[in-house]
Amino acid sequence: MPLIHNQVAQLYDRARPGYPAALFDDIVRYADLADDARVLEVGCGSGQATLPMAQRGYIMDCLEPGAEMAAIARAKLASFPKVNVTCASFEAYCRPPATYDLLLSATAFHWTDPRIRFQKAHELLTEYGTLALFWHRPAQTDASRDFFNAAQEIYQAVAPELTSDYVAPPPPDAVATEFESLIPGSGYFGDLKIRRHYVATKYSARAYIDLLGTFSDHQTLDELKRQRLFLAVESLIKDSFAGTIIRETVALLYLARRR
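Reference entry: report on the structure contained in this document. Computed from a predicted structure; not experimentally measured.

## Examining the pattern of salt bridges
Here is step 1 of the chain: One pass over the structure, following the stated rule, counts 14 salt bridges.
Here is step 2 of the chain: The residue Asp210 makes a salt bridge to Arg14 at a minimum N-O spacing of 3.3 Å. Residue Asp210 is located in helix H9 (residues 205-212), and its partner Arg14 is located in helix H2 (residues 9-15); the two are separated by 196 residues in the primary sequence.
Here is step 3 of the chain: Asp210 sits in the buried class, given a relative accessible area of 16%.
Here is step 4 of the chain: One continuous salt-bridge network, built from bridges that share partners, spans Arg14, Arg206, Asp210, Glu234 and Lys238.

## Here's the deal with the state of the cysteines
Formally, a disulfide is one covalent bond, and it connects the sulfur atom of one cysteine to the sulfur atom of another.
Here is step 1 of the chain: Inspection of every chain in the model, using the stated rule, returns 0 disulfides.
Here is step 2 of the chain: For the unlinked cysteine Cys87, the closest cysteine sulfur is that of Cys44, found at 9.3 Å.
Here is step 3 of the chain: Judged by its relative accessible area of 39%, Cys87 falls in the partly exposed class.
Here is step 4 of the chain: With no disulfide of its own, Cys94 has Cys87 as its nearest cysteine by sulfur position, at a separation of 15 Å.

## Let's talk about helix H11 (residues 223-240)
Here is step 1 of the chain: Its 18 residues place the ends of H11 25 Å apart at the C-alpha level, agreeing with the 26 Å of an ideal helix rising 1.5 Å per residue.
Here is step 2 of the chain: Every buried residue belonging to H11 is among Arg226, Leu229, Phe230, Val233, Glu234, Leu236 and Ile237, and all of these are buried. Viewed along the axis of H11, the buried residues span an arc of 150 degrees, placing them on a single side of the element. Those residues of H11 that are exposed and angled more than 90 degrees off the buried face are Leu224, Leu231, Lys238 and Asp239.
Here is step 3 of the chain: Against helix H7 (145-158), H9, helix H10 (216-219) and strand S7 (244-258) lie the buried residues of H11.
Here is step 4 of the chain: Measuring from the backbone nitrogen of Leu224 back to the side-chain oxygen at the start of H11 gives 3.0 Å, which picks out Asp222 as the cap.
Here is step 5 of the chain: Directly beyond the C-terminal end of H11, a positive phi value near 55 degrees is found at Ala242.

Reading the values: the criteria
- Residues numbered from 1 in each chain as written.
- Predicted model: local features only at pLDDT ≥ 70, side-chain atom pairs only at ≥ 80, totals over all residues.
- Heavy atoms only, no water.
- Salt bridge = Lys/Arg side-chain N within 4 Å of Asp/Glu carboxyl O.
- Helix = DSSP H or I, 4+ residues; strand = E, 2+ residues; numbered from the N terminus.
- Buried < 20%, exposed > 50% of the residue type's maximum accessible area, 1.4 Å probe, protein only.
- Disulfide = S-S within 2.5 Å.
- Expected span 1.5 Å × (residues − 1).
- Arc of directions from axis to C-beta.
- Contact = heavy atoms within 4.5 Å.
- Polar contact = N/O pair within 3.5 Å; in protein donor to acceptor, adjacent residues only side chain to side chain.

Given below as structure tokens:
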């Protein structure tokens, strides 16, 4: 998991969008969790996805390799004695087999080692335990298209290295499901279900620049170039879009059961 997010932990916690309540309802319904269920969260970050589960009263062990992120999560979850945040990677984490009823990961599982991630998840889950993986994936409708087309012109002029692989986001119902084959293909999980939750988030110019500041590819830019890019995008939002824009995503949820 990239520690570059750890360097901007406070900004990440403030700027990154959370997940819809209905997504967590989907997880609980599919997993049929008992009140005393044990949950492992892989890559909890600042606790954005942890809090909705902690509020339901589950026993949670949360892994976060970034010390600053883990500290924010601990502070956020201090009033939940059943929740433990450990500064550790999933790969290095050790617990007896069949410890957890649910393993969840929010916008983090792609950073785990693909050689062992499904096998280790299988080992840590109880019989018929649930794997729940979810990400925000970019989507686009008329609500956001004009801004992102205009922003691409700025990127091409100021930071063309960020545009080489750019593809305009698809409509919400066409967002790619790259883990759809990986999860059952691992041989460790079956009964795959995919749920899509559309999210439209309104951003002020400043809030959107804060969000861009949490993206790893933007952080790797030369500082002067990054400042020029952010200033140009902020000016675009203020001058051409009345100071606010819509960013659309799909909170894409994969649910599968341990074989």
